[in-house]
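# A closer look at the structure
The chain contents come next:
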Amino acid sequence: NGEIMNRIFSGVQPTGNLHLGNYLGAIRNWARLQDQYDCIYCVVDLHAITTPQDPSELRANTREVTAGLMAAGIDPKRNIIFNQSRVSGHAELAWVFNCVARLGWLNRMTQFKEKAGKHRDNATVGLYAYPTLMAADILLYKATHVPVGEDQKQHLELTRDIAKAFNSMFETDFFPMPEPLILGAARVMSLRDGSKKMSKSDDSDYSRINMTDDADSIALKFRKARTDPEPLPESTDGLEGRTEAANLLGIYGALADETIQQVCEEFAGKPFSQFKVQLIDLAVAVLAPIGHEMKRLSEDPGYVDQVLSTGADRATQIATPILSDVKKVVGLT
Ligand code: AQP
């Protein structure tokens, strides 16, 4: 019956302000994929609570991230947009996968090591088991493609291992192997430190451009962004060892849909002060309409809630028969 030809699943955590890294690295590309794929975009609130969240902020962030997805051009009619906790199948399938995945596999996950840091014993069990929930997110819909950045590659590999192990444990070909969709998206770094990625949880608001920042804040943050005293190089070779400079050129390139080499050629020999003026103009032109639309949507929480609830109903319709088959395969029903 031609089911699930090309289905995409992707998620974003409602852990704080959406920023330029989330936009250029993920959300903008999700909007571009909606013409070619059947897409499910999930605000992953169950993932968010693997680290402590304030309940009222979590609720507000879930709405804000949903508004961000729509403001960036993702159409909730053509795609499914919903928040994870409304479809109980995610947690149910994650439990089954907890009983398939091996401790040794999870012990190798670098994201856990990074996020748990030195206080490993204090990290939640949920943070440790994060990748099995992610596997459930994807396989609950038998998604065929998952857009992934560098940081999520290892988790997708684990998802494939879990699918394979499930299939072999129960002598079935039930789960398809989801393929990574490498979009070659830019990794956006902190404006204060070119060795750290731009992140929602960075203490300094000057480290990131939030999608809701107004033109003045965008200008101020880029003006204060770290660079070096050298002018812009003629080619990418001249960016060697200049992480902050490379980051700003990368951002410009991503916003303008140009390669970094093209940006170098355009600005070769110019000082950063001059380049930043152009960067600010471009960033404001791209982000201001998105920020305005997010603000407009934030004044209409009823509409945003309705999108999430309709999305959850549609997601449930796809997930229910798949979860019910899993239960039969495992012998739970
Ligand atoms: N700096 C970045 N550059 C490019 N892509 C990025 N993404 C995040 N930061 C950058 C991509 O955005 C998507 C959603 O990310 P997420 O919300 O699930 O979590 P994250 O990757 O952990 O993002 P943050 O901002 O760093 O959150 P915190 O501070 O809470 O850990 C993903 O596709 C991610 O690759």
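Numbers given to residues run from 1 along each chain, matching the order in which its sequence is written. Local features are withheld for residues below a pLDDT of 70 in this predicted model, meaning they are given only at 70 or higher, and side-chain atom pairs are given and counted only at 80 or more; totals for whole chains, interfaces and linings count all residues. The basis for every side-chain value is the complete set of heavy atoms in the structure, and neither hydrogens nor water enter the calculation.

### A word on the overall build of the chain
Our working definition: Under the scheme used here, helices are H or I runs from DSSP no shorter than 4 residues and strands are E runs no shorter than 2 residues, and both carry numbers assigned from the N terminus. Atoms considered for the radius of gyration are the C-alpha atoms alone. The globule rule reads 2.2 Å times the number of residues to the power 0.38. When checking whether two residues touch, look at their non-hydrogen atoms; a contact exists if any pair is within 4.5 Å.
Within the chain one finds 13 helices and 5 strands. Over its C-alpha trace the chain gives a radius of gyration of 21 Å, about what one expects of a compact globule, namely 20 Å for 333 residues. On the principal axes, the C-alpha backbone points of the chain span a range of 70 × 45 × 40 Å. Partitioning the intrachain contacts of the chain with sequence separation of at least 6 by distance along the chain shows that 76% fall at a separation of at least 24.

### Here we look at the nonpolar core
Just so we agree on the cut-off: Among the buried residues, those of types Ala, Val, Leu, Ile, Met, Phe, Trp, Tyr and Cys that are joined through side-chain atoms within 4.5 Å form a nonpolar core. Exposure is judged per residue with a 1.4 Å probe applied to protein chains only, and the accessible area is read against the type maximum: over 50% gives exposed, under 20% gives buried, and values in between give partly exposed.
In this structure, L20, L69, F222, L248, I251 and F275 are the most contacted members of the largest nonpolar core, which totals 57 residues. For this core, the leading source of residues is helix α12 (residues 272-298), giving 11 residues. Grouped together as the second largest cluster of nonpolar side chains are 45 residues, L139, F166, L323 and V326 included.

### A short note on the site of the ligand
Note the cut-off: Definition of nearness: a residue and a molecule or strand are near each other if at least one heavy atom of the residue lies within 4 Å of the molecule or strand. Polar contact criterion, stated in full: a pair of N or O atoms within 3.5 Å, where within protein one must be able to donate a hydrogen and the other to accept it, and residues adjacent in sequence count only if both atoms are side-chain atoms. To be clear on the numbers: accessible area is Shrake-Rupley with a 1.4 Å probe, and residue cover counts the displayed protein chains and nothing else.
Around the ligand sit 18 residues in total, of which H19, V188, S199, K200 and S201 are the nearest. G21 is positioned such that a nitrogen or oxygen atom in its backbone is 3.2 Å from a nitrogen atom of the ligand. Contacts to the ligand include N22, whose side-chain N or O atom sits 3.1 Å from an oxygen atom. Contact with the protein chains removes 90% of the 650 Å² of surface that the ligand exposes when unbound.

### Observations concerning the side chain of R208
As for its placement among the helices and strands, R208 is situated in the loop between β5 (179-181) and α9 (215-224). Exposure remark for R208: the relative accessible area of 6% places this residue in the buried category. Setting aside residues no more than four positions away along its own chain, R208 makes contact with H19, L191, M198, S199, K200, S201, D202, D213 and K221.

### Section: empty space enclosed by the protein
Using the following cut-off: A pocket here means an open set of points on a 1 Å grid, computed over the protein atoms alone, that has protein on both sides within 12 Å along at least five of seven lines. A cavity is instead a set of points where a 1.4 Å probe fits but cannot get out; residues with an atom within 4 Å of a point line either one. Grid points are joined across faces, edges and corners, and a volume is the space filled by probe spheres set on the points. Just so you know the grouping, Ala, Val, Leu, Ile, Met, Phe, Trp, Tyr, Cys and Pro go in nonpolar, Asp, Glu, Lys and Arg go in charged, and all remaining residues, Gly too, go in polar.
Under the criterion given, the structure shown has 1 cavity of 30 Å³ or more. In terms of lining, the largest cavity is formed by Q111, F112, K115, L127, Y130, P131 and H155. Considering only residue class, the lining of the largest cavity consists of 4 nonpolar, 2 polar and 1 charged.

### Here we look at the packing of aromatic side chains
Centre-to-centre distance and the angle between the planes together describe a pair of aromatic rings. Going by this rule: Only Phe, Tyr and Trp rings are paired, with Trp represented by its six-membered ring, and only when their centres lie within 6.5 Å; those with planes under 30 degrees apart are stacked, over 60 edge-to-face, the remainder tilted. Sitting over a ring, as applied to charges here, requires NZ of Lys or CZ of Arg to be within 6 Å of the ring centre and within 35 degrees of the ring normal.
Counting across every chain of the model gives 14 aromatic pairs. Here F82 and Y141 contribute two aromatic rings whose centre-to-centre distance is 6.3 Å and whose plane-to-plane angle is 70°, an arrangement assigned as edge-to-face. One end of the pair, F82, is in strand β3 (residues 80-83); the other, Y141, is in the loop between α7 (125-139) and β4 (145-147), and 59 residues separate them in sequence. Given the relative accessible area of 0%, F82 is considered buried. Ring geometry for F166 against F174: centres 6.4 Å apart, planes inclined by 50°, an arrangement best described as tilted. The same class applies to F166 as to F174, namely buried. Among the aromatic residues, those joined into a ring-pair cluster are F97, F166, F170, F174 and F175. Across from the ring centre of F174, 3.8 Å away, lies the NZ or CZ of K142, which sits over that ring. The ring of Y206 has K224 lying over it, and the distance from NZ or CZ to the ring centre is 5.5 Å.

### With respect to the pattern of salt bridges
When the charged atoms of two side chains lie near each other, side chains of opposite charge can form a pair. What counts here: One side-chain nitrogen of Lys or Arg within 4 Å of one carboxyl oxygen of Asp or Glu is enough to make a salt bridge.
One pass over the full model with this rule turns up 15 salt bridges. For D38, the salt bridge identified is with R7, shortest N-O distance 3.5 Å. You can see D38 sitting in strand β2 (residues 38-43) and its partner R7 sitting in strand β1 (residues 7-12), a full 31 residues away along the chain. With a shortest N-O distance of 3.0 Å, E293 and R296 are connected by a salt bridge. Taken as a pair, E293 and R296 lie in helix α12 at a separation of 3 residues, close to a single helical turn. Its relative accessible area of 27% is what places E293 among the partly exposed residues. In this structure R296 comes out as partly exposed when scored by relative accessible area, which is 47%. Each of D205, R208, D213 and K221 takes part in salt bridges that share partners, so that together they form one network.

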